[in-house]
Amino acid sequence: MPPPVNQRAELQRLLQRGDFLNAKHLAGDMLRRNPRDCNANGVPDACDIVANTVPDCNTNGVPDSCDIAANSVPDCNANGVP
């Protein structure tokens, strides 16, 4: 189950504020709930998305490249973004 959008937003807010201790606790909780790494880059999907290293334009907690690879969403213009 992907992390709720509000958890991701809260984590980003904590990181921007420099509140790294609470960000660490929230990130750990998110990873326990969603440890998958669909793109096999060695980084859990939740971390990739929060760090903005992969796009998640439909905010479903799954990197867009994985959505496209799984044929769960179309890539209409072949740009890697649904």
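Rules used in this analysis
Residues numbered from 1 in each chain as written. Predicted model: local features only at pLDDT ≥ 70, side-chain atom pairs only at ≥ 80, totals over all residues. Heavy atoms only, no water. Helix = DSSP H or I, 4+ residues; strand = E, 2+ residues; numbered from the N terminus. Contact = heavy atoms within 4.5 Å. Disulfide = S-S within 2.5 Å. Buried < 20%, exposed > 50% of the residue type's maximum accessible area, 1.4 Å probe, protein only. pLDDT = per-residue confidence, 0-100.

**Q** Give me the environment of Ala23: which residues, what numbers.
**A** Mapped onto the secondary structure, Ala23 falls in helix α2 (residues 20-33). Distance from Ala23 to Leu11, taken between C-alpha atoms, is 5.6 Å for residues 12 residues apart in sequence. Not counting the four nearest positions on each side in its chain, Ala23 is found in contact with Leu11, Leu14 and Leu15.

**Q** Please give an account of the state of the cysteines that cites residues and values.
**A** Enumeration over the complete set of coordinates arrives at 1 disulfide. Here Cys38 pairs with Cys66 through a disulfide, and the sulfurs are 1.8 Å apart. Torsion about the S-S bond of the Cys38 and Cys66 cystine: about 90 degrees, corresponding to right-handed handedness. In this pair, Cys38 sits in the loop between α2 and α3 (45-50) while Cys66 sits in helix α4 (residues 64-69), placing the two residues 28 residues apart along the sequence. Its relative accessible area of 37% is what places Cys38 among the partly exposed residues.

**Q** Which residues make up the confidence of the model for the protein chain, and what values do they have?
**A** Averaged over the protein chain, the pLDDT score is 79; the fraction of residues at 70 or greater is 87%. Looking across the protein chain, the model is least confident in α2, with a mean pLDDT of 77, and most confident in α4, with 86.

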